[in-house]
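# Survey of secondary and tertiary structure
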Amino acid sequence: MAPSIAAAVLLFLVALTLSPAIVLAADGGAGTTTHLHLFMHDIQTGSSATAVQVIKGSVASAAIPGMAFGDTFVIDDALTESSSPASAAVGRAQGFYMMTSQASGATLTVCANFLLTSGDYNGSTIAVMGPDDIAKDVRELAVVGGTGRFRMASGYVLWKTASLNGPDATIELDVYVTTGGGSGGAATIDSSTPVSPIGGGSSAAVRPVGGWVNSYLVALLVALVVGRSYV
């Protein structure tokens with residue numbers, strides 16, 4: 001075998017051996033997950049209501065007296081660090097929910113942005129959407145995006161009713177938000193942890209565009225160029 005061909009084949013085989021290890025190392029980062037624990041106060045009554053009905057449904061709900069299929073509320077609910085509405089504010093939940101179940105069950109569909117206003121996440125948002133079956137102790141909604149420190153986020157929210165006072169409710173939220181990289185770190189907002197220090201953490205590994213295909217193509221080109229130098 002000519003020296004140029006032998007060198008090209010040898011370099012290509014070495015590249016095939018090393019490329020999978022490079023790809024696996026790049027795939028090692030699973031993103032950064034942040035845990036936020038906070039409370040949402042949904043108030044339909046009084047002069048300071050934060051949930052206002054904008055659509056009245058026509059089919060009465062058998063599960064929730066006083067509500068009808070299609071009832072829709074626009075919200076600007078306070079988010080606080082504990083179940084007390086007088087505790088430190090950490091943001092607002094802005095969006096809407098509507099009654100989307102008819103004869104059976106009591107399910108609301110929620111679509112809201114959690115606008116954070118405290119600590120390192122001040123100005124960042126988390127977009128949440130999903131079904132709220134109020135008959136269940138714990139409901140799971142999806143994190144479908146975000147902005148600022150939570151840009152292109154994914155994850156889920158564990159949604160629990162902490163207390164009820166007529167139509168007014170306090171909802172306990174455990175939010176788990178995953179981002180693909182950046183500086184957002186794991187942190188928790190709860191009644192025993194100050195809100196201001198949230199943030200920080202380590203970056204996640206990012207997979208190079210093209211993956212193993214680019215690795216093989218580059219290795220082949222290098223092998224061919226080196227091989228020609230022996231001619």
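Residues numbered from 1 in each chain as written. Predicted model: local features only at pLDDT ≥ 70, side-chain atom pairs only at ≥ 80, totals over all residues. Heavy atoms only, no water.

Rule in force here: UniProt positions are given in the numbering used here, feature names are shortened, and annotations may be inferred rather than shown by experiment.
Looking up the protein in an unreviewed UniProt entry gives the name Dirigent protein, with the organism given as Urochloa decumbens. Note on the protein: under the UniProt heading Function (unreviewed entry), the record states "Dirigent proteins impart stereoselectivity on the phenoxy radical-coupling reaction, yielding optically active lignans from two molecules of coniferyl alcohol in the biosynthesis of lignans, flavonolignans, and alkaloids and thus plays a central role in plant secondary metabolism." In the Subcellular location (unreviewed entry) part of its UniProt record, the protein is described as follows: "Secreted, Extracellular space, Apoplast".

## Comments concerning the overall build of the protein
Filter applied, for reference: Helix and strand assignments follow DSSP, with helices taken as H or I runs no shorter than four residues and strands as E runs no shorter than two, numbered in order from the N terminus. Any residue under 20% of the maximum accessible area for its type is buried, any over 50% is exposed, and the rest in between are partly exposed; the area is computed with a 1.4 Å probe on protein chains only. Note on contacts: a residue pair qualifies if any of its non-hydrogen atoms lie within 4.5 Å across the two residues.
Helix and strand counts for the protein come out as 2 helices and 11 strands. Listing every helix and strand of the protein by position from the N terminus yields α-β-β-β-β-β-β-β-β-β-β-β-α. Taking all 231 residues of the protein together, 37% fall into the buried category. Counted over contacts in the protein with a minimum sequence separation of 6, partners at least 24 positions apart contribute 53%.

## Points about the packing of aromatic side chains
Applied cut-off: Only Phe, Tyr and Trp rings are paired, with Trp represented by its six-membered ring, and only when their centres lie within 6.5 Å; those with planes under 30 degrees apart are stacked, over 60 edge-to-face, the remainder tilted.
What the rule picks out here adds up to 3 aromatic pairs. Plain terms: the ring middles of phenylalanine 73 and tyrosine 97 are 5.4 Å apart, the flat faces sit at 25 degrees to each other, and that makes the pair stacked. Here phenylalanine 73 is found in strand β5 (residues 72–80), whereas its partner tyrosine 97 is found in strand β6 (residues 89–99), with 24 residues between them in sequence. Judged by centre distance (5.0 Å) and plane angle (20 degrees), the rings of tyrosine 156 and tyrosine 176 are stacked. Remark: tyrosine 176 occurs in strand β11 (residues 168–179) and tyrosine 156 occurs in strand β10 (residues 154–165); sequence separation between them is 20 residues. Note on tyrosine 176: relative accessible area 24%, which makes it partly exposed.

## Details of the nonpolar core
This is how it is decided: Joining through side-chain atoms within 4.5 Å is the link that ties buried Ala, Val, Leu, Ile, Met, Phe, Trp, Tyr and Cys residues into a set, and such a set is a nonpolar core.
One finds Phe114, Ile126, Trp159, Leu173 and Val175 to be the most contacted residues of the largest nonpolar core, which totals 33 residues. Going through the elements one at a time, β1 (32–42), β5, β6, β7 (107–116), β8 (125–133), β9 (138–147), β10 and β11 are the ones with two or more residues in this core. Apart from the residues lying within four places of it in its own chain, the contact partners of isoleucine 126 are Leu36, Ala112, Asn113, Phe114, Leu116, Val143, Gly145, Gly146, Phe150, Val175 and Val177.

## Details of the environment of valine 143
Summarising the element assignment, valine 143 is placed in strand β9. Between the C-alpha atoms of valine 143 and glycine 130, which are 13 residues apart in sequence, the distance is 8.7 Å. Setting aside chain neighbours within four positions, we find valine 143 in contact with Ile126, Ala127, Ala153, Ser154, Gly155, Tyr156, Val157, Val175, Tyr176 and Val177.

## Quick notes on the side chain of aspartate 42
The criterion, for reference: Charged residues are defined narrowly, with Lys and Arg counted positive, Asp and Glu counted negative, and His plus the chain ends left uncounted. We define a salt bridge as a contact between a side-chain nitrogen of Lys or Arg and a carboxyl oxygen of Asp or Glu at a distance within 4 Å. Whenever two N or O atoms come within 3.5 Å, that pair is a polar contact, provided that in protein one can donate a hydrogen and the other can accept it, and provided that, for residues adjacent in sequence, both atoms are side-chain atoms.
Relative to the elements of secondary structure, aspartate 42 occurs in strand β1. The charged side chain of aspartate 42 is buried without a salt bridge, its nearest counter-charge being arginine 92 at 9.5 Å. Within polar-contact distance, the side chain of aspartate 42 engages the side chain of tyrosine 97 at 2.7 Å. Leaving out residues up to four positions away in the same chain, aspartate 42 has contacts with Thr50, Ala51, Ile75, Asp77, Tyr97, Pro167, Asp168 and Ala169.

## What to know about the pattern of salt bridges
Within the structure shown, the criterion is met by 4 salt bridges. Across the pair arginine 92 and aspartate 76 runs a salt bridge, and its minimum N-O distance is 3.1 Å. Of this pair, arginine 92 sits in strand β6 while aspartate 76 sits in strand β5, placing them 16 residues apart in sequence. Here arginine 92 falls in the partly exposed class, since its relative accessible area comes to 28%. Between arginine 139 and aspartate 132 there is a salt bridge, with the nearest N and O atoms lying 2.6 Å from each other. For the pair formed by arginine 139 and aspartate 132, the shared burial category is buried.

## Comments concerning the confidence of the model for the protein
As a reminder of what qualifies: Along the chain, pLDDT gives the predictor's confidence residue by residue, from 0 to 100.
Overall, the predicted model of the protein reaches an average pLDDT of 75, with 64% of residues at or above 70. Mean pLDDT across the secondary structure elements of the protein bottoms out at helix α1 (residues 3–26), with 41, and peaks at β5, with 98. Predicted confidence is poor over residues 6–28, with pLDDT under 50, and the contacts of this stretch with residues over four places away or in other chains come to 23 contacts. Throughout residues 182–226 the model reports pLDDT below 50, and contacts reaching past four residues in sequence, or to other chains, amount to 92 contacts.

## With respect to the pairing of β9
Operational definition: By this definition, two strands are paired if DSSP reports at least two bridges between them.
Of the pairings in the sheet, the one linking β8 to β9 comprises 5 bridges and is antiparallel in character. Across the sheet, residue alanine 127 finds its bridge partner in β9, namely glycine 145. Counting the residues in the hairpin turn of β8 and β9 gives 4 residues. Here 6 bridges tie β9 to β10, and the two strands are oriented antiparallel to one another. If you follow glutamate 140 over to β10, its bridge partner there is leucine 158.

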